[in-house]
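An overview of the molecular structure
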Amino acid sequence: MQQKEESSPKISRQSLREAFKIFEFLKPYRWQFIAGLVLLFLSSTVFMIFPYSVGLMLDVAQGKETAFDLDLSKIGLGLLVVLVFQGIVSYTRVLLFAQISERGTADIRNALYQRIISLPIVFFEKSRVGDIVSRLTNDVEKLYNTFYFVLAEFFRQVILLIGGVIFLAWQTPKLAGVMLLTFPIIVIGAMIFGRYIRKLSKQRQAILAETNTILDETLQSIHAVKAFTNEIFETKRYGQSNASVIDVSLKFASGRALFAVFIITVLFGALFFVIWTGMRMVQTGEVTAGQLISFVTFTAVIGAAIAGLGNFYSELIGAVGATERIREILATPSETEERPKATAPAGRLNGNIEFKDVQFSYPTRSDVPVLKNVNISIESGKKVAIVGQSGAGKSTIMQLLLQFHHLDGGSISIDGKDIYDYELHSYRNNFAIVPQEVILFGGTIRENILYGKPDATEAEIIEAAKQANTWDFISTFPEGLETVVGERGIKLSGGQRQRIAIARAILRNPSILLLDEATSSLDAESEKVVQEALHNLMKNRTSIIIAHRLATIREVDCIYVLEGGHIVEKGTHEELSALFDGAYSSLAKLQFEIA
Ligand SMILES: Nc1ncnc2c1ncn2[C@@H]1O[C@H](COP(=O)(O)OP(=O)(O)O)[C@@H](O)[C@H]1O
Ligand SMILES: [Mg+2]
């Protein structure tokens with residue numbers, strides 16, 4: 001979806017059909033919408049009383065007989081009534097369309113958010129999130145404008161156009177005939193002429209660009225030009241190119257001059273011709289002076305309507321493009337829709353994890369295999385560490401466990417069942433992850449801890465906070481749990497954020513715990529407190545620990561060493577340390593040297 005930048009100016013029948021589907025969002029407000037259209041129709045037709053009454057008043061002023069014995073004060077009073085009516089109708093109409101567009105676009109925004117947040121991770125990796133947000137904001141804004149006034153204005157101009165033509169055909173049919181025979185031909189002529197001129201203008205641009213290329217190229221490779229003594233050759237080439245610019249430019253100029261003449265003589269000529277015909281008809285008494293004035297005023301209204309239609313038409317095309325992009329996102333399958341067969345409720349898993357010949361590469365870089373053949377076997381309740389160089393694929397293993405991506409080969413099973421067979425939501429409920437960089441949400445400490453279990457009781461929150469070693473510092477804050485952590489948690493130190501994340505995980509009480517370098521970015525002192533908190537958290541659950549500092553994983557049941565997409569060693573700390581020249585002992589040696 002990110003390839004399509006701006007909507008193309010052409011509309012196909014298919015895209016129109018697509019665009020109409022956006023009206024589904026207006027369905028709940030269809031009665032308001034219809035009422036708005038009726039009011040719009042009323043106010044637009046009533047508006048036509050004004051150009052009509054200009055002529056009528058002139059006739060009355062000249063003492064002509066009219067229907068209902070009208071005099072100027074009666075007409076003035078009538079116009080006043082119409083004005084007030086017009087005001088009330090327009091007010092109600094604008095309010096109605098405002099309500100519809102506000103509510104309709106809010107619905108679209110909600111639907112989009114709900115969809116986007118449920119899309120697979122790969123969607124976010126393929127497109128920059130900022131781009132998605134800004135483009136969608138733009139598109140929704142376009143639809144808002146469409147619902148709010150573009151559609152209404154478009155309809156109004158259509159009504160004025162049709163109504164105006166009908167009125168003229170009824171009041172002054174002969175004059176209307178003369179006008180309708182003259183003007184469309186001129187408009188079409190002007191359009192063709194315009195296109196010809198635009199073509200010439202483009203040609204001129206192209207040749208000018210070519211000329212500048214010669215200038216650019218030769219100046220940049222001035223050494224080559226001089227070394228080959230091609231100064232004269234290049235000067236000639238530049239001169240020729242310049243000469244052809246003049247040729248096209250002059251053609252372009254004469255086209256524009258002709259167009260100006262065309263507008264002045266033909267367009268105004270036609271206008272005067274129509275007025276002249278009208279005057280003759282006034283002279284012969286075929287039409288009254290008032291009717292001629294009405295005619296001219298109406299013609300102006302119709303002309304303005306045609307001009308307006310062009311503008312609103314291009315806005316509508318923009319809205320069609322926006323609709324397509326929005327619908328495209330709404331139609332993208334969500335994580336759960338992608339796997340309709342995964343329905344087995346996971347319940348509370350025991351946490352017997354089995355990686356079998358797992359192969360994986362990220363969809364955005366599918367030519368780079370990250371895991372080539374990974375076998376890991378973890379018994380329920382055991383603690384397992386994964387170590388390896390940065391970039392070895394350790395975090396990837398956790399992402400795969402969380403089902404952020406699909407495997408290229410092999411399988412991962414938990415409690416004897418392929419993980420992709422579990423219903424996703426109940427499956428992920430079994431996990432909690434404490435990452436290296438904890439980013440908190442902008443609210444209070446309480447809200448951030450509750451993120452692990454939104455319905456936890458006060459006692460549970462405090463217990464979790466204590467176990468995570470957060471209670472000491474929380475209770476020193478004057479506002480306690482209600483302390484606002486600031487955007488992304490910047491008001492807290494790294495270690496404090498880490499411990500809040502641990503409290504969150506404790507509250508969640510997962511059956512499988514993932515620690516991705518949870519203490520790597522902490523100083524020695526905070527690491528000790530966090531380690532203690534982690535110790536509480538890991539009790540009695542299957543835990544996978546990625547650790548940068550090997551000292552922190554001495555106690556685990558098994559250590560896997562990941563290298564080049566394979567597990568190259570596995571065993572306890574003692575077993576692996578005993579392997580002289582093994583991958584683990586060289587990692588350990590490296591750390592010892594750095595430290
Ligand atoms: N979202 C991603 N898209 C593409 N490549 C990725 C992505 N995440 C990680 N990688 C690449 O996959 C490899 C393993 O990354 P990772 O699992 O984060 O390593 P580790 O956690 O062991 O440092 C690296 O080469 C990294 O560049
Ligand atoms: Mg990592």
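Residues numbered from 1 in each chain as written. Chains lettered and ligands numbered in written order. Predicted model: local features only at pLDDT ≥ 70, side-chain atom pairs only at ≥ 80, totals over all residues.

Quick word on the overall build of the protein chain
- The secondary structure content of the protein chain amounts to 20 helices and 10 strands.
- Structurally, the protein chain occupies a C-alpha span of about 120 × 80 × 50 Å along its principal axes.
- Taken over 595 residues, the protein chain has a buried fraction of 28%.
- Look at the contacts in the protein chain between residues 6 or more apart in sequence, and 79% of them connect residues 24 or more apart. (Helix = DSSP H or I, 4+ residues; strand = E, 2+ residues; numbered from the N terminus. Buried ≥ 20, exposed ≤ 12 C-beta atoms within 10 Å, placed from the backbone. Contact = placed C-beta atoms within 7 Å.)

Some remarks on the environment of R93
- For R93, the location among the structural elements is in helix 4 (residues 72-117).
- Residue contacts for R93: discarding those within four places in its chain leaves G36, L39, L40 and S43.

Quick word on the site of ligand 1
- Of all residues adjacent to ligand 1, which total 13 residues, the nearest are Y362, A392, K394, S395 and T396.
- Ranked by residue count, the leading element in the shell around ligand 1 is helix 12 (residues 394-401), at 3 residues.
- Residues that form the shell around ligand 1 fall into these classes: 3 nonpolar, 7 polar and 3 charged. (Near = placed C-beta within 6 Å. Nonpolar A, V, L, I, M, F, W, Y, C, P; charged D, E, K, R; others polar.)

Some thoughts on the packing of helix 7 (residues 173-220) against helix 9 (residues 231-283)
- Two elements in contact, helix 7 and helix 9, have axes separated by 9 Å at closest approach and are oriented at 165°. The angle between the axes of helix 7 and helix 9 places the two elements in the roughly antiparallel class. Once helix 7 is placed against helix 9, the crossing between them reads as left-handed.
- Taken together, the residues that form the contact of helix 7 with helix 9 break down as 25 nonpolar, 12 polar and 7 charged. (Axes fitted to C-alpha atoms, helices over the stretch in contact; angles between N-to-C directions. Parallel < 35°, antiparallel > 145°, perpendicular 65-115°, else oblique. Left-handed = near helix turned anticlockwise from the far one by under 90°.)

Brief notes about helix 12
- For helix 12, every residue scored as buried is listed here: K394, T396, I397, L400 and L401. Each buried residue of helix 12 sits inside an arc of 160° when the element is viewed along its axis, so together they form one side. (Arc of directions from axis to C-beta.)

Quick word on unusual backbone geometry
- One non-glycine residue, E517, lies in the positive phi region at around 50°.
- The residue N540 is not glycine, and still its phi comes out positive at about 60°.
- With respect to the element layout, N540 can be found in the loop between helix 18 (524-538) and strand 8 (542-546).

Section: the nonpolar core
- Within the largest apolar cluster, 71 residues are counted, with the highest numbers of intra-cluster contacts made by I502 and A503.
- Among the elements that line this core, the one with the most residues is helix 17 (residues 494-508), at 7 residues.
- Here I502 is in contact with V434, A468, A533, L534 and L537, once residues within four sequence places are set aside.
- Counting residues in hydrophobic clusters, the runner-up holds 21 residues, among them F33, I108, F147 and V320. (Core = buried A, V, L, I, M, F, W, Y, C linked by C-beta atoms within 7 Å.)

Re the pairing of strand 10 (residues 566-571)
- Judged from the 5 bridges that link them, strand 9 (residues 558-563) and strand 10 form a sheet pairing that is antiparallel. Counterpart to V561 in the pairing with strand 10 is E569. (Pairing = 2+ DSSP bridges.)

Section: the pairing of strand 7 (residues 512-516)
- For strand 7, the tally of buried residues reaches 5 of 5 residues, placing the bulk of the element in the interior.
- Side chains I512, L514 and D516 project from strand 7 onto one buried face, and the interleaved L513 and L515 project onto a second face that is buried too.
- Across 4 bridges, the pairing between strand 6 (residues 431-434) and strand 7 is parallel. Note on strand 7: the bridge partner recorded for A432 is L513.
- Summarising the sheet, strand 7 and strand 8 pair through 5 bridges and their orientation is parallel. Along strand 8, the bridge assignment pairs L513 with S543.
- Regarding topology, helix 18 serves as the crossover connection from strand 7 to the parallel strand 8, and that connection is right-handed. (Right-handed = clockwise from strand over helix to strand, strands pointing away.)

A short note on the packing of helix 2 (residues 30-47) against helix 6 (residues 129-171)
- Running from amino to carboxyl end, helix 2 crosses helix 6 at an angle of 40°, the nearest separation of the two axes being 10 Å. Looking at the two axes, helix 2 sits oblique to helix 6. As helix 2 packs across helix 6, the resulting crossing turns out to be right-handed. Packed against helix 2, whose contacting residues are L37, L40, F41, S44 and T45, the element helix 6 presents A152, F155, R156, I159, L160 and G163 at the interface.

Thoughts on the environment of L492
- Considering the arrangement of structural elements, one finds L492 in the loop between helix 16 (471-474) and helix 17.
- Along the backbone, L492 and G565 are 73 residues apart, and their C-alpha atoms lie at a distance of 37 Å.
- Apart from the residues within four sequence positions on either side, L492 is in contact with V485 and R497.

Re the environment of F149
- Here F149 shows up in helix 6.
- Take F149: there are 17 C-beta atoms within 10 Å of it, and that puts it in the partly exposed class.
- In sequence terms F149 and F97 are 52 residues apart; their C-alpha atoms lie 7.5 Å from each other.

Quick word on the confidence of the model for the protein chain
- Of the residues in the protein chain, 96% reach a pLDDT of 70 or more, and the chain-wide mean stands at 88.
- Counting contacts from residues 1-9, a segment whose pLDDT is below 50, to residues more than four positions away or on other chains yields 12 contacts. (pLDDT = per-residue confidence, 0-100.)

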